[in-house]
Amino acid sequence: MKNIRTEIIELMKHSEYKPMTEKQLTSHFSSSREDMKILRNVVSDLEKEGLIYKTKRNTYGIPSKMGLVIGKLIVTPRGYGFVESEERESDLFVANTNMRGALNGDKVVARIKPSHDTRDRQEGEIVKILEHGSYVFVGEYEDSGRFGFVIPEDKRIHTDIFIPKGKNKGAVSGDLVECEITKFYDGKRNPEGKVTEVIGKKGEFHVDFLSILKQYQLMDEFPKKALKQAEKIPSEVQEDELKNRLDLREELTYTIDGSDTRDFDDAISVSKDEHGNYHLGVHIADVTHYVKEHTPLDKEALKRGTSVYLVDKVIPMLPKELSNGICSLNPDVDRLTLSCLMTIDKNGVVMEHQIVESVIRSKYRLVYEDVSHLLETIDRTKQFTELEQSLIFAEELANILFEVREHRGAIEFDFPESKVIVEDEQVLDVQVRERKIANDMIQEFMLIANETVSKEYFHKKLPFVYRVHEQPAEDKIKEFNNFIAVFGVHASLDEEANVEPKDLQKILKEVKGREEEDIISKMMLRSLRQARYSPVNEGHFGLAAKYYTHFTAPIRRYPDLQIHRIIKMDIHHYLSGKKIEELFSVVDSVSRSSSDSERNAEQAERDFENLRKAQYMERFIGQEFDGKITSVTNFGIFVTLENTVEGLIRINTLVDDYYIYDEERFQLVGRHSKKIFKVGMKVRVMVESVKLDLREIGFQFVDAITKP
């Protein structure tokens, strides 16, 4: 019965298989009563996981052979959604009328609806909810006398939650509350729930922060057991911990980070020998030395999956005693590390490498801006200090590594990044974050370390967590190809063949500096799949890399911590057959949960940044700004200001004419005036409104200026 899961699935995949009942399956696979009981449990688990499906006739089969899709439902703010499934090239569209009570994030079974036109996008309808994505929601309470409703803050939840009498915990209309759903229905009735906490009044600075924590189920505090474990960890490296470690304390190592960084999980050392070869050391905090498997700290880190950066606040994966203390590579103190030591030739080829347990003593805590300024202004004819020489070698090596990546086709998007400045719970400014030489330098070194580690463990055929980015779906490439043709960009993208990263890289170079650069870059990004964690190496399309993982940030990413644990087991020869078999299951589970945690964190970070931007723009209602049209839709025009703030001009506010959306050219055209609003136009706008609950900023045109 050891591999019964696999055997059941293989049986059902067979071309001659006819759906069997549970009784027939148990008879097919087992004879003893004990084995039959085990098999029934396995069948039940497979059904819950969505790997097999139980029909109305109580027979079982593989969903894909029944015209069914199992996956996660992602609902849009406009009401429709998509079922994401690893078994399909493209997502399955679900109209809002075909949800059957399923909510955003639910694991569902969807039936593919028949279509006579093969060119149509496949559409589906939800037939079963396997698992609810969440039971807890944040929203505004509305009292209706004998009962109440909670209107979710998350605009992807398109139903109010019914609160029976006595279940509102004293909430009054207008309160922001957390509620828990206690009964789900099939869409004919609202889900029923109870208020679990009254958070406060909407619009208050701290309440908005708390509501986002609750909405995305982020934990601001650590459990007592995890904190107790963290407090017991020594604040200094002990002498007996140095045994069998490579001692690099005399090496020139240093960290380069942002000025406001508090946790330093990576340090570097760079030198160059007489043969022109570079010696790069990427030294990563040995977090797993302190966070042992299955301990309270490990369980909490896995649950969180990642640190979450909410503009001016951080929800860390590990308590500060570790993240800012013993695991942080602070200067002038001994720290335990896992080092990837590489010898790289002048062509950017890693000639040799080793991954070792080590101990370092960082000599400097450097800041991106300072290092960039030094490299931009230093007199290269003078005698250098040891640090200056190392930084110059680092710059040389980073340029070589970038050229290698560019040559193989890596896609480099150049989107401006926002920097929101908050002080004393006041948003002081929104700026474009500067990216300089030092930022790119560290990025290149982390990338090459991740590739080197990934390649080694792929060839060792050990269980591992890879960072994968699959090729884009054919239909997405077709849509993108049609889109760019409108702007006169004619690329040889054959959606039926394998599109190469170089093909997309070429397009980005072609549109560089053009008015349409932003929108084409954004549409290209949307046509790509989302990177994720996987126990199977499938390469990284965006980086044009055959092997890739996340090795360099175990303080803030659980997958990094997990692969450190595997690497250390390998170093110490702890990977027996039984442990390897166990780890294959572990890396699969970690990959799935970490991908979900990452997506949740990204949504929370985006939501919170949009909230802070909206709060900042409230003071500018009635004032004018220069901007550029970055998107045109059938409901309005998105304009982005020079400081990255984006606002919407709704089509129904354009009163000078009746505007028609030209779907093929992605522009609005005035019926009578023939005035055109299209992507790339420079415009003057006035801030008309700010809706904090929607994170929406409303603009109005003052003037529209097009380039001749």
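On a predicted model such as this, the values are computed, not experimentally measured, just so you know.

Asker: In this structure, what is going on with the environment of Ile563? I would like to understand it.
Answerer: The topology assignment puts Ile563 in helix 14 (residues 558–571). Taking relative accessible area as the criterion, Ile563 reaches 0% and is therefore assigned buried. Each C-alpha atom of the pair Ile563 and Ser454 lies 9.7 Å from the other, and the pair is 109 residues apart in sequence. Setting aside its immediate chain neighbours within four residues, Ile563 contacts Phe464, Val465, Thr549, His550 and Phe551.

Asker: Which parts of the structure should I look at to understand unusual backbone geometry?
Answerer: Keep in mind that most residues, glycine aside, have a negative phi and that most peptide bonds are trans. Even without being glycine, Asn244 reaches a positive phi, approximately 65°. Its location among the elements puts Asn244 in the loop between helix 5 (224–232) and strand 14 (246–247). The class of Asn244 is exposed, set by a relative accessible area of 66%.

Asker: Could you clarify how one ought to interpret the sheet that holds strand 31 (residues 667–670) in this entry?
Answerer: Paired through their backbone hydrogen bonds, the strands of a sheet run either parallel or antiparallel. Taken together, the 3 strands give an open sheet; going across it, the order is 30-31-32, and neighbouring strands pair in antiparallel fashion. This sheet does not close on itself; its edge strands, each paired only once, are strand 30 (659–662) and strand 32 (676–678). Looking at each pair of strands side by side, their axes are set apart by 20° on average, direction ignored. In the sheet, strand 30 pairs with strand 31 via 4 bridges, with the strands oriented antiparallel. Among the inter-strand pairings, Tyr659 is bridged to a residue of strand 31, identified as Gly670.

Asker: Whenever I open this one, the layout of surface pockets confuses me. Can you help?
Answerer: A water-sized probe rolled over the atoms picks out the places where empty space is left. Counted as a void, the second largest pocket has a volume near 700 Å³. As for the second largest pocket, its lining consists of 28 residues, and the residues nearest its centre are Arg408, Glu451, Ala545, Lys546 and Tyr547. Put simply, the parts of the chain that give the lining of the second largest pocket at least two residues each are strand 21 (350–361), helix 9 (386–408) and helix 10 (437–459). Counting residues per element, the lining of the second largest pocket draws most heavily on helix 10, at 7 residues. Looking at the lining of the second largest pocket residue by residue, the class counts come to 11 nonpolar, 8 polar and 9 charged.

Asker: Any chance you could explain the UniProt feature "domain: S1 motif" (unreviewed entry) in the protein here in plain terms?
Answerer: As annotated in UniProt, the feature "domain: S1 motif" (unreviewed entry) corresponds to residues 622–702 in the numbering used here. The distance from the first to the last C-alpha atom of residues 622–702 is 11 Å, and the span holds 0% helix and 59% strand.

Asker: Explanation requested: the pairing of strand 27 (residues 624–632) in the structure shown.
Answerer: Strand residues, when the strand is regular, have side chains that alternate between the two faces of the sheet. Judged from the 5 bridges that link them, strand 27 and strand 33 (residues 682–691) form a sheet pairing that is antiparallel. Directly across from Glu624, in strand 33, lies its bridge partner Met686. The pairing of strand 27 with strand 28 (residues 636–641) spans 5 bridges and is antiparallel. When the sheet's bridge partners are listed, Gly627 is paired in strand 28 with Leu641. Connecting the antiparallel pair strand 27 and strand 28 is a turn made up of 3 residues.

Cut-offs used in this document
- Residues numbered from 1 in each chain as written.
- Predicted model: local features only at pLDDT ≥ 70, side-chain atom pairs only at ≥ 80, totals over all residues.
- Heavy atoms only, no water.
- Helix = DSSP H or I, 4+ residues; strand = E, 2+ residues; numbered from the N terminus.
- Buried < 20%, exposed > 50% of the residue type's maximum accessible area, 1.4 Å probe, protein only.
- Contact = heavy atoms within 4.5 Å.
- Pairing = 2+ DSSP bridges.
- Axes fitted to C-alpha atoms, helices over the stretch in contact; angles between N-to-C directions.
- 1 Å grid on protein atoms, 1.4 Å probe; cavity = no way out; pocket = protein on both sides within 12 Å on 5 of 7 lines; lining within 4 Å.
- Points joined across faces, edges and corners; volume = space filled by probe spheres on them.
- Nonpolar A, V, L, I, M, F, W, Y, C, P; charged D, E, K, R; others polar.
- UniProt positions renumbered as here; feature names shortened; annotations may be inferred.

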